[in-house]
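# Per-entry structural report
So the chains spell out like this:
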Amino acid sequence: MHDIRALRADPAAFDAAMARRGIAAQADGLIALDDLRREAITMAEGVQSRRNQLNREIGVAAKRGDQEEVARLKESVAAIVVESAADLPAKRQSEMDAALSVIPNILDADVPEGRDESANVVMHQHGEAPRPNFEPKQHFELGEALGLMDFATATRLSGSRFVVLKGALARLERALGQWMLGLHTETHGYTEVSPPLLVNAATLYGTGQLPKFEEDLFRSGDHYLIPTAEVPLTNLVADQVIPEPMEPLRFTALTPCFRSEAGSAGRDTRGMLRQHQFSKVEMVSITRPEDSDAEHERMTKCAEAVLTALGLTWRRMLLCAGDTGFSAARTYDLEVWLPGQKAWREISSCSNCRDFQARRMKTRFKRGKEMVLVHTLNGSGVAVGRALIAVMETHQQEDGSIAVPEILRPWMGADRISAS
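Residues numbered from 1 in each chain as written. Predicted model: local features only at pLDDT ≥ 70, side-chain atom pairs only at ≥ 80, totals over all residues. Heavy atoms only, no water.

### Looking at the packing of helix α6 (residues 139–146) against helix α13 (residues 384–394)
Running from N to C, α6 and α13 cross one another at 80°; their axes reach a closest spacing of 9 Å. When the axes of α6 and α13 are compared, the pair comes out roughly perpendicular. Within the contact between the two elements, α6 uses H139, L142 and G143 and α13 uses I389, M392 and E393. (Axes fitted to C-alpha atoms, helices over the stretch in contact; angles between N-to-C directions. Helix = DSSP H or I, 4+ residues; strand = E, 2+ residues; numbered from the N terminus. Parallel < 35°, antiparallel > 145°, perpendicular 65-115°, else oblique. Contact = heavy atoms within 4.5 Å.)

### Notes on the environment of F140
Tracing the backbone through its elements, the reader meets F140 in helix α6. Residues F140 and R56 lie 84 residues apart in sequence; the distance between their C-alpha atoms is 80 Å. Excluding anything up to four places from it in sequence, F140 contacts M149, F151, R270 and G271.

### Remarks on the side chain of Q357
By the element assignment, Q357 lies in helix α12 (residues 356–361). For Q357, a relative accessible area of 0% puts it in the buried group. Once you skip the residues sitting within four places of it in the chain, Q357 turns out to touch G206, T207, E230, T234, S327, T376 and N378. (Buried < 20%, exposed > 50% of the residue type's maximum accessible area, 1.4 Å probe, protein only.)

### Describing the sheet that holds strand β15 (residues 370–373)
Taken together, three strands build an open sheet; the order of strands is β8-β14-β15 and the sheet is mixed. Each edge of the open sheet carries a strand with a single partner, namely β8 (241–242) and β15. Judged from the four bridges that link them, strand β14 (residues 364–367) and β15 form a sheet pairing that is antiparallel. Its bridge partner lying in β15, F365 is registered against V372. (Pairing = 2+ DSSP bridges.)

### What to know about the nonpolar core
Residues L172, L176 and I417 are the most contacted members of the largest nonpolar core, which totals 46 residues. Secondary-structure elements contributing two or more residues to this core are α6, α8 (167–186), β10 (277–287), α11 (292–309), β12 (330–338), β13 (343–352), β16 (375–383) and α13. Residues in contact with L172, not counting those within four places in the same chain, are L388, V391, L408, M412 and I417. Of all hydrophobic cores here, the second largest spans 16 residues; its members include V237, I242, A358 and L373. (Core = buried A, V, L, I, M, F, W, Y, C linked by side-chain atoms within 4.5 Å.)

Take a look at the structure:
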């Protein structure tokens, strides 16, 4: 959500910021809505003031026993449409909020220009793409050959974009999630949270999924299944005033995530890359404005540590203007090299949302007598399904078995996954 006062102070800058995202000028229309809101407030205050004056005059007339004047004044009060005038400011505020709620965050100045992922910038790379002396397979070829990855049964049970994992692969998925959660809590200082998987519309509004992206969500009655644990974790501080001195609040959770993938028809139809249901370890930080840049770097390094420990080849990308998400001011994507696909694929996304979500959630901290909006950050630490894919493809052996990364062997009780 944007600050209408800042927009009014420099409408040209606001329109220029939106143009970077390919969005037409918005400032004039928003200022016009704000003018209507201000006029409604002035009118309501004037009507209420007139009503108060008439009530005082009624009291004076009643004291002197002038019933005829009392009756006349009461008719004047009744003629004032106070109720509708009082409702008008709220109606105009609602119209303004609705218009602002579908406008994305302003990008940081250092976000590169560009319309799509082809303009993203490689910040650095860890490791070199492995070159095995055999033709590597994709994860679904490996999983199906091992008899441990079953898409046909999942389709019969639920439809497309689901999978059934069995045996050692099911255990590997569980091991990945539990190990990552332990790493972030025990080493990186995040507080583990077990949040609700069903949330209300206000919670999704707070982090920016509603109203613009409703088609991407699964709904159950008055609730929605979470698309990411970012939603409940960030909203832990909704409608709160956090006292000073404020240290960064860091939360993490391992949860299922549910996405309709409404805009991905025909994309990644084979395998586990784009599923309706998947597990993810999420990281969320709540900071003071002056701390959020350092926290963004810290959070991204926490995700990078996961990939390094798993023996994966990865790179950090700074997303361009056209590829940065709705609520983010700046985003780093971590991409992992998949030998079977012979391609880089995103496995983590770490974003600094500045005060965009905090304004929607009404989350502030107290600095002396001043109330200041917090900054919110979120990042994958990391997507479990994609980590499973990367481990399978990176550590596959010529005989079709998969070497278990050393860090996971205590969880797996084995150093290799082979056909049973």
